[in-house]
Amino acid sequence: MVRDWANLDPLALSLVLEKLEEPIDHVWFGAVCKSWLSVAKLTHQNHQFRTNVLPMLMIPTISKTVSGFYSIPANKVYPFLFNVHPVERCCGSSHGWLATTMDNNFITLLNPFKNVAPIQLPPLIHDSPPYHKKVTLSADPTTSPNDYAVAVIQNQSGYLYFKSARRNIWSYINIRYSHVTDITFYKGLIYVVNRWKLIVTFKFCDSNDSCHGKMINPSLERWHEDSDCQVYLVKSLEGDLWMVERFMDFHYSSEDAYLHGSLTKSFQVYKLKVDDQSGKFLGMKKLESLGDNVLFVGCGDSISVSASYFSNCLQKDSIYYTSEYDPNRPFVLELYNVKDGSIGRQCAPSSRWMIPSPMWILPQFQWD
């Protein structure tokens, strides 16, 4: 008896699709035939599927047109061809978009998963040679083409710039605290944090003048006793703003003082308490558990996903991150358990380090 795979019951097909955790598996599912594609499109109209997306780790390669995307459930790397725009360096991933640069003065936003045109941003000119450390977005330019904003951390000293989609001019964000490590948009404000946990907020400004921020936690204005750390900002599943502190040991060459590698020792996670109306800082609470949150931190936007929804492939109370730069060894994907302080290792593929470091991205494929 020959089975008519193309005309299987749609309910049965949707149940099969629900078992596939990897977004790329959904694409292959829809590529089988027209009836399977219609089931996939209908399923992805469901809010639960649109909001529960598992990040993939984008791994740079020597090629400017091909990158690798590492899947945690499949434990493999999928080659990905950038056929719309050559990529020399990625300096951010946000809302499914990549911020890339072929020249340090120019930033291009591209979405490798949707058939949309790249967005060329105006050049950023500064006195010193620019290096775009991180680029982040307030919203998806696909769904909010006239109502999104871009923020940039430039150079290691942390020059900050901002522009809205409605303007073609950058505004300089005036901040006197150096070593900015992360920036994010949260409830109508821009939040900036440096390696000593100093947090500064800004209102969106659409002027040619510089924007002046307000430090919301002045009680922490001191040199942190452990300065070898990286600090991230991430929005929890509950809608709160969390600060993640990553403590590291850095190893420098005794001959040339250049960084030759580092080792992650531990993490601490804090829930920030800020008044939504006034922006007043009310304190922060150290978290002993992440609840249903699993965190992914790195060079791009930090991401939080549901531990219960992805219980088959993610470990509860964990923070996933890549080992820090070390040109003498392959990078590995590691996870830190907030409850017991243990560090585990995901069996990531062996690959030599490239600049920049791998970064997490949400693969939001086009279904319409």
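Values in this document were obtained by computation on a predicted structure and should not be read as measured data.

Describing the overall build of the protein
- Looking only at helices and strands, one finds four helices and 26 strands in the protein.
- Put simply, the protein has 368 residues, and 51% of those count as buried.
- For the protein, restricting intrachain contacts to residue pairs at least 6 apart in sequence, the fraction spanning at least 24 positions comes to 49%.
- A total accessible area of about 17900 Å² is found for the protein, and carbon and sulfur atoms account for 52% of it.

Points about the confidence of the model for the protein
- Residues with a pLDDT of 70 or more make up 74% of the protein, whose mean pLDDT is 79.
- When the criterion is pLDDT under 50, residues 218-225 qualifies, and its contacts beyond four places in sequence or with other chains add up to 14 contacts.
- Confidence drops under pLDDT 50 across residues 256-260; counting only partners more than four residues distant or on other chains, this segment forms 14 contacts.

Some details on the sheet that holds strand β22 (residues 303-306)
- Strand order in this open sheet of five strands is β22-β21-β23-β24-β25, and the pairing throughout is mixed. Among the strands making up the open sheet, the edge pair consists of β22 and β25 (343-346). Strand after strand, the sheet turns through a mean of 25° between neighbouring axes, direction not considered.
- Two elements, strand β24 (residues 333-337) and β25, share four bridges in a ladder whose sense is antiparallel. Following the sheet pairing, Y336 is matched in β25 by I343.

Things to note about the nonpolar core
- I72, V294, F296, V305, L314, Y320 and W360 are the most contacted members of the largest nonpolar core, which has 17 residues in total.
- Mapped onto this core, the elements with two or more residues apiece are β1 (56-59), β21 (293-296), β22 and β24.
- Sequence-distant contacts of L314, that is, excluding residues within four places in its chain, are made with L54, I72, V294, F296, V305 and Y320.

Cut-offs applied
Residues numbered from 1 in each chain as written. Predicted model: local features only at pLDDT ≥ 70, side-chain atom pairs only at ≥ 80, totals over all residues. Heavy atoms only, no water. Helix = DSSP H or I, 4+ residues; strand = E, 2+ residues; numbered from the N terminus. Buried < 20%, exposed > 50% of the residue type's maximum accessible area, 1.4 Å probe, protein only. Contact = heavy atoms within 4.5 Å. Areas by Shrake-Rupley, 256 points an atom, 1.4 Å probe, with all protein chains shown as cover. pLDDT = per-residue confidence, 0-100. Pairing = 2+ DSSP bridges. Axes fitted to C-alpha atoms, helices over the stretch in contact; angles between N-to-C directions. Core = buried A, V, L, I, M, F, W, Y, C linked by side-chain atoms within 4.5 Å.

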